[in-house]
Amino acid sequence: MASIQLKNVVKQYRAGKNVNKVIHGVTADIADGEFVVIVGPSGCGKSTLLRMVAGLEEITEGDISIGARVVNNLEPAERDIAMVFQNYALYPHMSVFDNMAYGLKIAKVPIEEIKARVDKAARILEIGPFLARKPRELSGGQRQRVAMGRAIVRQPQVFLFDEPLSNLDAKLRAQTRLEIQKLHRELGITSLFVTHDQVEAMTLAQRMMVMNAGVMEQFDTPEVVYSRPATAFVASFIGSPPMNLLRGAPNGAHGGPPGAILGIRPEHLTLGSDGWALQVETVELLGAERLIHARLGDEMLTIRTDEGTPAPAVGSTAHALPHPKRLHWFDAATGRRLEAT
């Protein structure tokens, strides 16, 4: 196992007037044995950053270290990493056992050790009964476990996951997330996991790196990212539904810095007989909770209530009060977090 250090890492394509910078000076220290999720919307640079750690993309500026080694100029095979891809990348003509063992055979690992490593990984991932099958005989979730098993048998210093659950349905995604958590607890290998799914990021990460247009907007625990987002972008991206962001501070907003954006999460608005006057446009019934979408002047906001709270009728006027200790303020020009005065 090993730590990972990113020091002012930059990636750009072309040069001069046609330069296209896609990673803007990312700096982060990832501890030995830590599970870090890189999350952000499509095109934000998260997979590019992961591929630079893997050695599949060249670094334009900065340094990447794995353990005590700067790996900028090392080939992927020399970095002691194992990667799990979105598309599984299994050999269709090989059995599960041979898929998992292939890299070890190329490395001329003794056959007895290969069998021991494959058997151990298959036991951890509960795919022992499938070792003689071909990939086409497996479900999507089973194929993904084979891909993870192939990474495990390498016994690398670092695991790199590039959106490995994207091809699974919702139920399998949830199940595989639990398996990945269990795997990390058992093996303790330093892991970087890329996803665009913020629910996946919140449930898997020990710390999460939120990317936006090549910039690392925040790097902290899921609890801190959710409760104290560093920017308006993080506030709008993390959370389902996301934080309400109001550019015109409504009456009764308890004050705040001038020229700021007010943020309030849907669960921190309470329906009542007074407060902000809202025009109810839609109500979503989601089992144990309701999401009320309403208009406040020119802006839309969402209120989350439980099943015990009567939902207002569509088209009616409702009133909501924000929790005064749950307000967030962001600079309207930069998007950075402010503290209320």
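Note that this is a predicted model, so its numbers are computed, not measured. (Residues numbered from 1 in each chain as written. Predicted model: local features only at pLDDT ≥ 70, side-chain atom pairs only at ≥ 80, totals over all residues. Heavy atoms only, no water.)

### Structural notes on the overall build of the protein chain
In terms of regular secondary structure, the protein chain is built from 8 helices and 19 strands. On the principal axes, the C-alpha backbone points of the protein chain span a range of 75 × 50 × 35 Å. A burial count over the protein chain gives 48% of its 341 residues as buried. Of all intrachain contacts in the protein chain linking residues separated by at least 6 positions in sequence, the fraction that spans at least 24 positions is 65%. Here the protein chain displays about 16100 Å² of accessible surface, and carbon together with sulfur accounts for 51% of that area. Considering the protein chain, the positive charge centre built from 38 side chains and the negative charge centre built from 37 side chains are found 4 Å apart. (Helix = DSSP H or I, 4+ residues; strand = E, 2+ residues; numbered from the N terminus. Buried < 20%, exposed > 50% of the residue type's maximum accessible area, 1.4 Å probe, protein only. Contact = heavy atoms within 4.5 Å. Areas by Shrake-Rupley, 256 points an atom, 1.4 Å probe, with all protein chains shown as cover. Lys, Arg positive; Asp, Glu negative; His and termini not counted. Charge placed at Lys NZ, Arg CZ, Asp CG, Glu CD.)

### Brief notes about helix H2 (residues 96-106)
Of all the positions in H2, only Val96, Phe97, Asn99, Met100, Ala101 and Leu104 are classed as buried. Looking at the buried residues of H2, the elements they touch are helix H3 (111-125) and helix H4 (140-153). Just downstream of H2, lysine 108 is the residue with a positive phi angle, here 60°.

### A closer look at the sheet that holds strand S1 (residues 4-13)
Taking strand neighbours across the sheet as the criterion, the 4 strands line up as S2-S1-S4-S5 in an open arrangement whose pairing is antiparallel. Each having just a single partner strand, strand S2 (20-30) and strand S5 (69-70) make up the two edges of the open sheet. Bridge analysis of S1 against strand S4 (residues 61-66) gives 5 bridges, and the strand direction is antiparallel. What sits directly across from valine 10, in S4, is glutamate 61. Docked against the sheet, helix H1 (residues 46-54) engages S1, S2 and S4, running at close to 115° with respect to S1. (Pairing = 2+ DSSP bridges. Axes fitted to C-alpha atoms, helices over the stretch in contact; angles between N-to-C directions.)

### Considerations on a nonpolar patch on the surface
Judged by side-chain polarity, Tyr91, Tyr102 and Ile106 come together as a nonpolar surface patch covering roughly 290 Å² of accessible area. As for its position among the elements, isoleucine 106 is in helix H2. Residue classification places isoleucine 106 among the exposed residues on the basis of a relative accessible area of 56%. (Patch = residues over 30% accessible without salt bridge, like charges linked within 9 Å, V, L, I, M, F, W, Y side chains within 5 Å. Salt bridge = Lys/Arg side-chain N within 4 Å of Asp/Glu carboxyl O.)

None of the figures reported here should be taken as evidence of function without further support.
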